[in-house]
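Overview (structure and organization)
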Amino acid sequence: MSANAHASSKSEYPLAAVQFSRLTKRGIMLGLSLPQLIVLGIAVLTVVFSLYLGGGLGFAWTAPVWASCALLAVIPAGGRKVIEWVPIVARWLTRTYLGQLIYRRRIIRPRPAGTLALPGDAAPLREWEDPETGAAMIHDPHAQTLTAILGVSHPAFVLLDPGEQQRRVSGWGRVLAATCRSGRIARIQVSERTLPDSGTGLAEWWRTHGTDDGSWAATTYAELIDRAGPAGERHATTISVALDMKTSARQIRTAGGGIRGAAAVLRQEMTTLTTALRAAELTSAGWLTPGQVAVILRGAYDPAAAPALERHGYLGRDLATAGPVAVTETWERLRSDSAHHAVLWISEWPRSQVYPGFLAPVVLTGGILRTLALHYTPVRADQAARDLRKKKTELISDQAQRRKIGQIEDAATSAELDDVLQQEADLTAGHGVLRVSGLVAVSAPTVDELDAAVAAVEQAAIQASCETRRLVGQQAQAFTATALPLCRTV
């Protein structure tokens, strides 16, 4: 899905509205996907051969075959056609048979040096500590990416005046535009998560700004901070940038090759990102060290341990032991050390124009441990132009085919064509194209609390004019892509 910004024509209100393109539901032919075309083709061939070989009797005998294929292609279930569930169900059954839904760490057995001790498809990840910046770089040998994570702090966006909001939105737009022009960035992940507060934030604020003069008011205030801190929650934001090592192969060889050469190339992108963020007035908290990344990973799988890890700065700082001890995956949720988790996919962004900050209901949900992850995939200008031309040609061809067979054109298809034309105009004007995916991971101590929290997040998404869908059959992979700032995909 691509996001395009459209400026508002109201000059008296400086904050410009934005509009997202619709989720592409276009198929290969006449709106039908490849699995639908395959089963419909089987149904048609079965009918033709049955009539040719057996006449009416053969047609009747083969009715279960061609009728089942036709029903699989047209019956919807859970937002998809039944045939489109086949790969997900098949993979789920395969993983169940192979025992891959249950993970238990073998504590006694030593692990290879440099591994992160993560379950599932994240097990091959390796760590590399950059000697120049001290940052933890995560290497994915399968996807050929190298990822660094930046901590970011920012003021409350919803409390700013419209002019200041627009200025910061424009600055963030320039940050994303820089990633499109680079050509070496595989993905950017922005994670905004709520964490149980250990009280260190409030205590630090009191030590910095408070006046502890021994008065009754100061003593009472300090006691309230001590009591309320551990019961509260705080927000933390990180920006992860993943280097595409295949696209950057020439630059990596020039820098010395291997992980060291990739780290040198990634450092250039890190410098560009921090400079762009400074221009957007986002305060950088520094690139995360291996110990800081370990705390994030441990806190994602074991939220109950997060406050203790923050209070004691020397605990849980080893990436080799930061992974979970036990993970059990079910069809629609995941259970780890001290919590149950469920991942929601933002399947539809607002279809009408909205103002920046429209996700505030989701971000500001109180009393819920959740992580909102936005994945930005830059598309090179030449590739984006080819994709847009292909989409436009296919949409226009589908329109012509519908007219020939007398099928009525629906409004959704016309709106999708308008989106493609708008994206093409924006690309011609020099703007970049980004594919945006949104995921929300919700955590709770019990299943009942998790269901209540998921319902609250779904309601908040409705208030934000978004549609959400729980990802089933792939919760472990989705949780890794959402709760861990490692630029993973689903």
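I will try to describe carefully the structure that is included in this document. What you are looking at is a predicted structure, and each value in this text was computed from that prediction instead of being measured.

Quick look at the packing of aromatic side chains now. Following the criterion strictly, the structure yields four aromatic pairs and no others. With a centroid separation of 6.4 Å and 80° between ring planes, the pair formed by Trp-349 and Phe-358 is classed as edge-to-face. There is no split in this pair, since Trp-349 and Phe-358 are both buried.

This next bit is on helix α12 (residues 381-405). Given 3.6 residues per helical turn, the α-helix brings residues three or four places apart onto the same face. Under the 1.5 Å per step criterion, the end-to-end length of α12 is 36 Å for 25 residues, consistent within 8% with the ideal 36 Å. Within the sequence span of α12, burial applies to Ala-384, Ala-385, Leu-388, Leu-395, Asp-398, Gln-399 and Arg-402.

Before going further, it helps to examine a nonpolar patch on the surface. A cluster of nonpolar side chains, contributed by Leu-45, Phe-49, Tyr-52 and Leu-53, occupies part of the molecular surface with about 550 Å² of accessible area. Its location among the elements puts Tyr-52 in helix α1 (residues 34-61). Judged by its relative accessible area of 71%, Tyr-52 falls in the exposed class.

It is worth spelling out the packing of helix α4 (residues 162-182) against helix α8 (residues 258-279) at this point. Taken N-terminus to C-terminus, the directions of α4 and α8 make an angle of 160°; their axes are 9 Å apart at the nearest point. Relative to α8, the element α4 is oriented roughly antiparallel. The chirality of how α4 crosses α8 is right-handed. Within the contact between the two elements, α4 uses Trp-172, Val-175 and Ser-182 and α8 uses Glu-269, Leu-273, Ala-276 and Leu-277. Per-class residue counts for the contact of α4 with α8 are five nonpolar, one polar and one charged.

So, on to unusual backbone geometry. Its identity as a non-glycine residue notwithstanding, Ala-117 has a phi of 60°, on the positive side. Located in the positive-phi region is Cys-487, a residue other than glycine, with phi close to 60°. In this fold, Cys-487 is placed in the segment after α15 (475-483).

Before going further, it helps to examine the pairing of strand β15 (residues 369-379). Along β15, nine of the 11 residues are buried, which leaves the element largely enclosed by surrounding structure. In this structure, β15 lies alongside strand β16 (residues 433-444), joined through 11 bridges in antiparallel fashion. Opposite Val-379, over in β16, you have Val-433 as the bridge partner.

Looking at the secondary structure, you find Arg-80 in strand β4 (residues 80-81). Here Arg-80 is in contact with Ile-75, Trp-85, Ile-88, Arg-469 and Gln-474, once residues within four sequence places are set aside.

The next thing to look at is the pattern of salt bridges. Taken as a whole, this structure holds 17 salt bridges when the rule is applied. As a salt-bridge pair, Glu-332 and Arg-333 come within 3.7 Å of each other at their nearest N and O atoms. On the basis of relative accessible area, Glu-332 is assigned to the partly exposed category, the value being 33%. Linking Arg-435 and Asp-387 is a salt bridge whose minimum nitrogen-to-oxygen distance equals 3.2 Å. With Arg-435 in strand β16 and Asp-387 in helix α12, this pair connects stretches of sequence that are 48 residues apart. Asp-387 sits in the partly exposed class, given a relative accessible area of 24%. One salt-bridge network, held together by shared partners, links Glu-164, Arg-167, Arg-168 and Glu-281.

About the thresholds
Residues numbered from 1 in each chain as written. Predicted model: local features only at pLDDT ≥ 70, side-chain atom pairs only at ≥ 80, totals over all residues. Heavy atoms only, no water. Phe/Tyr/Trp six-rings, centres within 6.5 Å; stacked < 30°, edge-to-face > 60°. Buried < 20%, exposed > 50% of the residue type's maximum accessible area, 1.4 Å probe, protein only. Helix = DSSP H or I, 4+ residues; strand = E, 2+ residues; numbered from the N terminus. Expected span 1.5 Å × (residues − 1). Patch = residues over 30% accessible without salt bridge, like charges linked within 9 Å, V, L, I, M, F, W, Y side chains within 5 Å. Areas by Shrake-Rupley, 256 points an atom, 1.4 Å probe, with all protein chains shown as cover. Salt bridge = Lys/Arg side-chain N within 4 Å of Asp/Glu carboxyl O. Axes fitted to C-alpha atoms, helices over the stretch in contact; angles between N-to-C directions. Parallel < 35°, antiparallel > 145°, perpendicular 65-115°, else oblique. Left-handed = near helix turned anticlockwise from the far one by under 90°. Contact = heavy atoms within 4.5 Å. Nonpolar A, V, L, I, M, F, W, Y, C, P; charged D, E, K, R; others polar. Pairing = 2+ DSSP bridges.

By themselves, these are just geometric observations and shouldn't be taken as functional.
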